[in-house]
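Residue strings, one per chain:
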Amino acid sequence: MKTLMPYFEYVRPSNLEEALNILEKHDGSAEVLAGGTDLLVKLKDKLSYDKKTIIDINRLRELDYVRKADGVLAVGALTRIETLSRSKLVRETAPLLAEVAYEFGTWQIRNTATLGGNLANASNANDYGVALMVLDAKIKLKSVRQEREVSVDKFFLANHKADIRTGELLVEISFPVPSQDCRTAFVKMEGRESSSYPVVNSAALTRLSPSLTIEEVRIAVGGVSPTPLRLRSVEERLRGLSVAEWEEIESVLRDVRNLVNPSSSNVASKVYRAEMSYVYVKRALQAALSRAGFYSSIAGGG
Ligand SMILES: Cc1cc2nc3c(=O)[nH]c(=O)nc-3n(C[C@H](O)[C@H](O)[C@H](O)COP(=O)(O)OP(=O)(O)OC[C@H]3O[C@@H](n4cnc5c(N)ncnc54)[C@H](O)[C@@H]3O)c2cc1C
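Residues numbered from 1 in each chain as written. Predicted model: local features only at pLDDT ≥ 70, side-chain atom pairs only at ≥ 80, totals over all residues.

1. A short note on the overall build of the chain
Working step 1: Of the regular secondary structure elements, the chain holds 13 helices and 14 strands.
Working step 2: Rg of the C-alpha trace for the chain: 20 Å, near the compact-globule value of 19 Å for 302 residues, within the 12% margin.
Working step 3: When burial is assessed residue by residue, the chain has 43% of its 302 residues classed as buried.
Working step 4: Restricting the contact set of the chain to residue pairs at least 6 apart, pairs at least 24 apart contribute 65%. (Helix = DSSP H or I, 4+ residues; strand = E, 2+ residues; numbered from the N terminus. Rg over C-alpha atoms; globule rule 2.2 N^0.38 Å. Buried ≥ 20, exposed ≤ 12 C-beta atoms within 10 Å, placed from the backbone. Contact = placed C-beta atoms within 7 Å.)

So this is what it looks like as structure tokens:
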């Protein structure tokens, strides 16, 4: 069957100022095109009929960068996922971003898709949402009138709805570089094909004391609630536990099933998603703990 695209006006600004002015002028009737890997699917499904203008931001080279200054890593919104997998700076300072990229879509998608687009699209299972939550990231948004920063925890409002106001462009993602003794991990359950949004994903960051007590822990899970979820109450209960007390850690993790609010889809039922939230959070934590130097058969199994 032939799929027809809806009619739209196409504009291609050459710098950020021009793009913001066009966004302002269109007052909510325009949609931004970055890599197009989500947007073109949406256009073909005609879910974007109300948008009369597409603003292609691919000429905005000033939004394509990875930089580190004063202990903060900053990534421009137009940075491609493939860049995150190849960047030496990313691999050395925030390997979690590269690890997510290795697992992301197909090679073609990674070359096209951008970090800003992944977040702005705000799928409840977007891979960078959970990763950036455990990195305590902030998202910078800019319009003609103002610039503001939102913590990534507060950025996702509902499935496919982010805190981006009319006239705003997501311009940068930044976070404090984790200390050298922190370890991170990302795990996901692929959808029906390995090249689509995952069913469940999870990221963890940990720091252990020399006596193997959990000093720092951050955990997030996606695909099991209307938005990716930072599990702060779980983190609080895990902090201070010794990894030798695995039974206790495990019992805290089992409660993840009660904190999530999944929906059923044609890929997985809500009961299955809830169960998998526990399994994948546990896997992410185990992987981060083993990178932190804790190898144990009790923490091993799935
Ligand atoms: C085959 C396939 C596999 C995929 N695999 C994965 C996967 O493994 N993991 C995963 O998380 N996702 C996956 N995706 C989803 C998609 O590739 C990602 O979400 C991607 O990062 C979107 O980025 P983009 O640049 O293509 O966004 P676009 O499609 O260009 O835009 C997406 C939305 O964000 C808005 N937007 C884009 N940039 C900005 C900005 N700077 N400011 C404001 N709004 C903006 C657009 O207006 C649009 O509404 C996959 C998609 C496909 C088709």
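Here the narrative resumes.
2. Digging into the pairing of strand 5 (residues 72–76)
Working step 1: In terms of strand pairing, strand 4 (residues 66–69) meets strand 5 through 4 bridges, oriented antiparallel. The partner of Arg67 across the bridge, within strand 5, is Ala74.
Working step 2: The antiparallel hairpin formed by strand 4 and strand 5 contains 2 residues in its connecting segment, where Asp70 sits at a positive phi of about 50 degrees.
Working step 3: Pairing analysis gives 5 bridges linking strand 5 to strand 10 (residues 169–176), with the strands arranged antiparallel. When the sheet's bridge partners are listed, Ala74 is paired in strand 10 with Ser174. (Pairing = 2+ DSSP bridges.)

3. Concerning the sheet that holds strand 3 (residues 53–56)
Working step 1: Reading across the sheet, the 3 strands line up as 1-3-2 and stay open at both edges, with parallel pairing between neighbours. The sheet terminates laterally at strand 1 (9–11) and strand 2 (30–33), the two strands that pair on one side only. Recorded for the sheet is a direction-independent mean angle of 25 degrees between the axes of neighbouring strands.
Working step 2: Direction of pairing for strand 1 relative to strand 3: parallel, over a ladder of 3 bridges. Within strand 3, the residue paired with Tyr10 across the bridge is Ile54.
Working step 3: Contacts from helix 1 (residues 16–26) reach strand 1, strand 2 and strand 3, with the element oriented near 165 degrees to strand 3. (Axes fitted to C-alpha atoms, helices over the stretch in contact; angles between N-to-C directions.)

4. Remarks on the environment of Val224
Working step 1: Secondary-structure assignment places Val224 in the loop between strand 13 (214–222) and strand 14 (229–230).
Working step 2: A count of 30 C-beta atoms within 10 Å places Val224 in the buried class.
Working step 3: For the pair Val224 and Lys51, spaced 173 residues apart in sequence, the C-alpha to C-alpha distance is 29 Å.
Working step 4: Not counting chain neighbours up to four residues away, the residues in contact with Val224 comprise Val200, Val260, Pro262, Arg273, Ala274 and Ser277.

5. Quick look at the site of the ligand
Working step 1: Around the ligand sit 31 residues in total, of which Ala34, Gly35, Gly105, Gly117 and Asn118 are the nearest.
Working step 2: Counting only elements with at least two residues in the shell around the ligand, the list comes to strand 2, helix 2 (39–44), helix 6 (107–112), helix 7 (115–121) and strand 10.
Working step 3: Per-element accounting of the shell around the ligand gives the leading share, 5 residues, to helix 7.
Working step 4: Its residues placed into classes, the shell around the ligand shows 14 nonpolar, 14 polar and 3 charged. (Near = placed C-beta within 6 Å. Nonpolar A, V, L, I, M, F, W, Y, C, P; charged D, E, K, R; others polar.)

6. Digging into helix 13 (residues 270–291)
Working step 1: Helix length check: helix 13, at 22 residues, gives a terminal C-alpha distance of 31 Å against a target of 32 Å (1.5 Å per residue), a fit within 8%.
Working step 2: Directly beyond the C-terminal end of helix 13, a positive phi value near 110 degrees is found at Gly293. (Expected span 1.5 Å × (residues − 1).)

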